[in-house]
Amino acid sequence: MPGPTRGFLGRRRDRDPRLPPGQYDAGSDWPVLTAEPTPRIAPETWSITVDGAVEAPATWTWDEAHALPRSEYRGDIHCVTTWSKFGTWFAGVSVDTLLDAVRPTADAHFVMATSKTGYTTNLPVEHVTGGRAWIVWEYDGKPLPIEHGGPVRLLVPHLYFWKSAKWISKLTLLHRDQPGFWEQNGYHDLGDPWRQQRYQGD
Amino acid sequence: MTEDAAVLGAGVPDAPAGGWRTATVSGVRRPIQRSVQLRLDVHDRIDHLPGQHYVVRLTAEDGYTAQRSYSVASAPGDPLVELFVERLDDGEVSTHLADVVEPGDELEVRGPIGGWFVWDGTAPALLVAGGAGVVPFVSMLRHARAIGRDDLLRIAVSARTMAQLPYAEELVAAGALVVLTREQYGIRPAGRLRAEELLPLWEEGQTAYVCGSAAFAEAATQLLVASGRPAASIRVERFGPSGGPA
């Protein structure tokens with residue numbers, strides 16, 4: 001680490017222990033950051049497909065997904081652009097539920113998440129299983145707003161939020177890792193906020 | 001949308017990327033209120049593509065750090081890297097850059113970063129910016145002029161007033177469509193950007209780049225989509241208190 005920046009004191013001396021390094025508390029704000037036009041997706045045309053290295057690929061419609069056991073996340077989210085948001089509340093279905101149905105093969109080690117817009121992001125399987133990832137359509141008890149990925153987005157809150165693909169439509173199980181959209185553009189393949197894995201090489 | 005779109009970013013070539021560097025502040029200018037232009041001599045610099053950004057990291061005596069992303073305004077051929085920083089009253093990094101930094105200071109920077117919101121100077125582009133969203137487009141414009149291809153760029157910029165438009169003179173000189181929402185400009189009354197104002201800027205094979213606040217970017221993008229421009233031809237960079245991807 002280089003020396004201190006001349007004259008920089010830093011404001012937030014009492015760090016909230018929930019804040020990963022280099023993050024700040026966005027409070028009630030929830031910034032919107034996307035690389036593509038916001039798509040208008042009617043719930044009745046939305047579906048989620050899980051395919052690739054699985055024994056039984058499957059697709060769930062809006063109604064079918066809602067018939068699965070409901071699962072919630074209450075906790076914090078962290079964006080690579082350095083904002084964090086505490087105490088969020090999302091609801092939908094656990095990715096475990098979807099994977100249990102399609103039965104990934106033993107050599108399926110990675111997942112590529114794909115959005116309706118063509119946005120992609122890659123994740124190791126162990127980071128979307130064990131109750132750590134969801135497909136969500138509800139925020140704070142209301143339908144997920146379109147600008148935040150509604151009607152349905154991926155939620156992987158223990159990783160930087162670009163991994164939580166908005167407007168999710170597909171999860172593809174892979175044998176080998178492949179970079180997604182931001183990962184091809186210099187961002188980290190895993191993106192653990194507690195290890196500040198922002199860019200490739202971090 | 002019922003069919004899934006093609007993979008976003010497929011076929012977009014890799015862009016240059018650089019790690020952490022030390023930069024010496026060479027110039028500090030404040031041509032418009034509540035902002036600062038920093039001219040940086042980045043040691044062992046990797047040249048950027050227009051549209052890429054840098055991260056600036058500040059370190060306190062006790063090791064506490066804060067970092068934010070800023071778009072580059074300079075062309076790749078410029079010996080210095082120019083960052084434009086909008087000063088946010090509660091901005092921990094931007095207040096330091098705007099109020100404290102002086103020529104001769106050293107700053108820790110990382111860049112260039114980003115491979116999507118870039119223009120390599122070879123294809124027609126429509127650039128639509130709100131406020132400080134003009135910054136990556138200034139880099140594109142300067143690069144276009146340097147390589148003699150400013151014919152490829154069509155530019156529309158929106159600000160509240162002329163005094164609040166960064167790089168206003170340069171943009172006006174380049175023939176940019178200027179939209180002011182709070183004051184008249186020439187014969188144009190104050191008001192938001194309209195779809196019909198963008199129509200004359202259309203050209204076959206253009207990629208559209210939209211940069212601005214989340215609200216501006218959303219509105220401008222929807223104008224383009226509603227006018228029949230394919231979503232796949234539109235690249236968006238939104239910034240709020242922070243920039244870059246979510």
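Residues numbered from 1 in each chain as written. Chains lettered and ligands numbered in written order. Predicted model: local features only at pLDDT ≥ 70, side-chain atom pairs only at ≥ 80, totals over all residues.

Participant: What exactly am I supposed to notice about the overall build of chain A here?
Facilitator: Helix and strand content of chain A: three helices and 11 strands. Of the regular secondary structure in chain A, the N- to C-terminal order runs β-β-β-α-β-β-α-β-β-β-β-β-β-α. Taken over the C-alpha atoms alone, chain A extends approximately 60 × 35 × 30 Å along its principal axes. Here chain A holds 202 residues, and 49% of them are scored as buried. Residue pairs in contact within chain A that sit at least 24 positions apart in sequence constitute 65% of those at least 6 positions apart. (Helix = DSSP H or I, 4+ residues; strand = E, 2+ residues; numbered from the N terminus. Buried ≥ 20, exposed ≤ 12 C-beta atoms within 10 Å, placed from the backbone. Contact = placed C-beta atoms within 7 Å.)

Participant: Got a minute to help me understand the overall build of chain B in this structure?
Facilitator: When helices and strands are counted, chain B shows five helices and 11 strands. Relative to the 2.2 N^0.38 estimate, which gives 18 Å for 246 residues, the radius of gyration of chain B is 18 Å and therefore close to what a compact globule would have. Among the 246 residues that make up chain B, the fraction classed as buried is 46%. Restricting to contacts in chain B with at least 6 residues of sequence separation, those with at least 24 account for 66%. (Rg over C-alpha atoms; globule rule 2.2 N^0.38 Å.)

Participant: Would you mind going over the UniProt feature "domain: FAD-binding FR-type" (unreviewed entry) in chain B with me for this structure?
Facilitator: The positions that UniProt labels "domain: FAD-binding FR-type" (unreviewed entry) are, in the present scheme, residues 18-119 of chain B. Between the C-alpha atoms that bound residues 18-119 of chain B there is a distance of 18 Å. The span itself is 8% helix and 45% strand. (UniProt positions renumbered as here; feature names shortened; annotations may be inferred.)

Participant: Mind showing me how you'd approach the sheet that holds strand β9 (residues 177-180) of chain B here?
Facilitator: Two orientations exist for strands paired in a sheet by backbone hydrogen bonds: parallel and antiparallel. Residues and elements named next belong to chain B. The strand order across the open sheet built from five strands is β9-β8-β7-β10-β11, with neighbouring strands paired in parallel fashion. Looking at the sheet topology across the chains shown, the edges are occupied by β9 and β11 (234-239). With strand direction ignored, the average angle separating the axes of adjacent strands in the sheet is 10°. Alignment of strand β8 (residues 153-159) against β9, held across four bridges, turns out to be parallel. (Pairing = 2+ DSSP bridges. Axes fitted to C-alpha atoms, helices over the stretch in contact; angles between N-to-C directions.)

Participant: Could you clarify how one ought to interpret helix α1 (residues 92-99) of chain B in this entry?
Facilitator: Within an α-helix, residues lying three or four positions from one another point in the same direction, as the helix has 3.6 residues per turn. All names here are of chain B. Turning to α1, its buried residues number three or more, namely V93, S94, H96 and L97. Buried residues of α1, seen end-on, are gathered within an arc of 160° and therefore sit on one face of the element. Buried-residue contacts for α1 involve β2 (35-42), β3 (53-59), β4 (65-71) and β5 (81-86). (Arc of directions from axis to C-beta.)

Participant: What am I meant to see in the environment of D151 of chain B here?
Facilitator: Residues and elements named next belong to chain B. You can see D151 is positioned in the loop between α2 (135-146) and β8. According to the C-beta neighbour criterion, D151 is exposed, with 9 such atoms within 10 Å. For the pair D151 and P124, spaced 27 residues apart in sequence, the C-alpha separation works out to 8.1 Å.

Participant: Could you clarify how one ought to interpret the pairing of strand β10 (residues 207-213) of chain B in this entry?
Facilitator: Residues in a regular strand project their side chains so that they alternate between the two faces of the sheet. Residues and elements named next belong to chain B. Burial analysis of β10 places five of its seven residues in the buried class, which makes it a mostly covered element. Sheet topology places strand β7 (residues 125-130) next to β10; five bridges connect them, and they run parallel. Note that in β10 the partner of V128 across the bridge is V210. Here β10 pairs with β11 via six bridges, running parallel. Pairing of S213 across the sheet is with F239, part of β11. Once you follow β10 into helix α5 (residues 214-226) and on to β11, the crossover reads as right-handed. (Right-handed = clockwise from strand over helix to strand, strands pointing away.)

Participant: Which parts of the structure should I look at to understand the domain arrangement of chain B?
Facilitator: It is common to give the size of an interface as the accessible area lost on bringing the parts into contact. Residues and elements named next belong to chain B. Annotation of chain B at the domain level lists domain 1 (20-113) and domain 2 (125-239). On a C-alpha basis, the centres of domain 1 and domain 2 stand 24 Å from each other. Each partner contributes to the interface: domain 1 provides 13 residues, whereas domain 2 provides 12 residues. Of the residues assigned to the side of domain 1 that touches domain 2, the class counts are seven nonpolar, five polar and one charged. (Domains from an automatic or database assignment. Nonpolar A, V, L, I, M, F, W, Y, C, P; charged D, E, K, R; others polar.)

Participant: Can you help me understand the interface of chain B and chain A in this one?
Facilitator: With 48 residues of chain B at the interface, the matching set in chain A holds 47 residues. The set of elements that each furnish at least two residues to the side of chain B that touches chain A consists of β3, β4, α1, β6 (106-113), α5 and β11 of chain B. In terms of residue count, β4 of chain B provides more of the side of chain B that touches chain A than any other element does, five residues in total. Its residues assigned to classes, the side of chain B that touches chain A shows 23 nonpolar, 16 polar and nine charged.

Participant: How should the sheet that holds β6 of chain B be read in this particular structure?
Facilitator: All names here are of chain B. Sheet architecture is open: six strands sit in the order β4-β3-β6-β1-β2-β5, paired in antiparallel fashion. A single partner strand is all that each edge strand has here, and the edge strands are β4 and β5. When the angles between neighbouring strand axes are averaged without regard to direction, this sheet yields 40°. Across six bridges, the pairing between strand β1 (residues 20-29) and β2 is antiparallel. Paired with V28 across the strands is L38, a residue of β2.

Participant: Would you explain unusual backbone geometry in this entry?
Facilitator: Residues other than glycine predominantly adopt negative phi, and peptide bonds predominantly adopt the trans conformation. Residue P151 of chain A is bonded to the preceding G150 of chain A through a cis peptide linkage, with omega at 10°. With respect to the element layout, P151 of chain A can be found in the loop between β9 (142-143) and β10 (153-155). Note that the residue after G111 of chain B, namely P112 of chain B, is joined by a cis bond; omega there is -5°. The phi angle at D44 of chain B is positive, at roughly 50°, despite the residue not being glycine. Positionally, D44 of chain B belongs in the loop between β2 and β3.

Participant: Got a minute to help me understand the environment of A75 of chain B in this structure?
Facilitator: Residues and elements named next belong to chain B. Mapped onto the secondary structure, A75 falls in the loop between β4 and β5. By the C-beta count within 10 Å, which is 21 here, A75 ends up buried. Between the C-alpha atoms of A75 and R87, which are 12 residues apart in sequence, the distance is 23 Å.

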